[in-house]
Amino acid sequence: MKTNYMLSWLASKPDVTIPFFLKGGFVTPAGVTLISNWHVVANPRGFALLEVTDAAIFHALIVEWEKVINLQVDQVISDADAHRAFSTTKPLK
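Residues numbered from 1 in each chain as written. Predicted model: local features only at pLDDT ≥ 70, side-chain atom pairs only at ≥ 80, totals over all residues. Heavy atoms only, no water.

A. Summary view of the side chain of Thr 17. Relative to the assigned elements, Thr 17 resides in helix H1 (residues 14–22). Residues in contact with Thr 17, not counting those within four places in the same chain, are Ala 11, Phe 26, Val 68 and Ile 69. (Helix = DSSP H or I, 4+ residues; strand = E, 2+ residues; numbered from the N terminus. Contact = heavy atoms within 4.5 Å.)

B. Representation of the packing of aromatic side chains within the structure. Considering all chains together, one arrives at one aromatic pair under this definition. Here the aromatic rings of Tyr 5 and Phe 58 are separated by 4.4 Å at their centres, their planes lie at 20°, and the arrangement is stacked. Here the residue Tyr 5 occupies a position in strand E1 (residues 3–10), and Phe 58 occupies one in helix H2 (residues 55–65), the gap between them amounting to 53 residues. (Phe/Tyr/Trp six-rings, centres within 6.5 Å; stacked < 30°, edge-to-face > 60°.)

C. Up close: the nonpolar core. Within the largest apolar cluster, 14 residues are counted, with the highest numbers of intra-cluster contacts made by Leu 7, Val 32, Leu 50, Phe 58, Trp 65, Ile 69 and Leu 71. Breaking this core down by element, the ones donating at least two residues are E1, strand E3 (45–52) and H2. Here this core takes four residues from H2, the largest share from any one element. Once you skip the residues sitting within four places of it in the chain, Val 32 turns out to touch Leu 50, Glu 51, Val 52, Ile 57, Phe 58 and Leu 61. (Core = buried A, V, L, I, M, F, W, Y, C linked by side-chain atoms within 4.5 Å. Buried < 20%, exposed > 50% of the residue type's maximum accessible area, 1.4 Å probe, protein only.)

D. Seen up close, the pattern of salt bridges. The final tally for this structure, using the stated rule, is three salt bridges. Between Glu 51 and Lys 2 there is a salt bridge, with its nearest N and O atoms 3.9 Å apart. Pair noted here: Glu 51 is in strand E3 and Lys 2 is in the segment before E1, with a separation of 49 residues, a long-range link. Salt-bridge contacts for Glu 64 lead to Lys 67; the nearest nitrogen and oxygen are separated by 3.0 Å. (Salt bridge = Lys/Arg side-chain N within 4 Å of Asp/Glu carboxyl O.)

E. Focus on the confidence of the model for the protein. Summary statistics for the protein give a mean pLDDT of 90 and a share of 100% for residues scoring 70 or more. Summarising per-element confidence for the protein, the mean pLDDT is lowest in H1 (86) and highest in strand E4 (residues 70–76) (96). (pLDDT = per-residue confidence, 0-100.)

F. Region of the structure containing H2. For H2, the full list of buried residues reads Phe 58, Leu 61, Ile 62 and Trp 65. Mapping the buried residues of H2 onto a view down its axis gives an arc of 100°, with all of them on the same face. Turned more than 90 degrees away from the buried face of H2, the exposed residues are Ala 56 and Val 63. Of the surrounding secondary structure, the elements contacted by the buried residues of H2 are E1, strand E2 (32–40), E3 and E4. N-capping of H2 is provided by Asp 54, with a side-chain oxygen placed 3.1 Å from the backbone N of Ala 56. (Arc of directions from axis to C-beta. Polar contact = N/O pair within 3.5 Å; in protein donor to acceptor, adjacent residues only side chain to side chain.)

Structure, rendered in C-alpha cells:
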C-alpha cells in the first residue's frame, strides 16, 4: 500500500545541513520515492512530499535525517481521498 508523507523541515544547523545536502546526503532508498521538494533558501527550511511503500525503511530514513535536520512528519492524502473522508464523516455536535 502506498502512503504519502509531507516532511516539513528546518535546518537549525545550516553549517551541517547544507554540506550534507550538497554531497547528496538526502537520498531516498527503495521503498521511498521523492515526489517533490521545495526550499526557502533565505531561511533554510522547506518541505518534501514522499510516497512510501515500505514503512520500516521510511522510519529508518527519518531517524537518519533527524541527525542533521529538524523534521515534522505528516501523513497526507489527495483531494479525492479527503473528499471521500469528509463525505463519510458525521459532523460533531
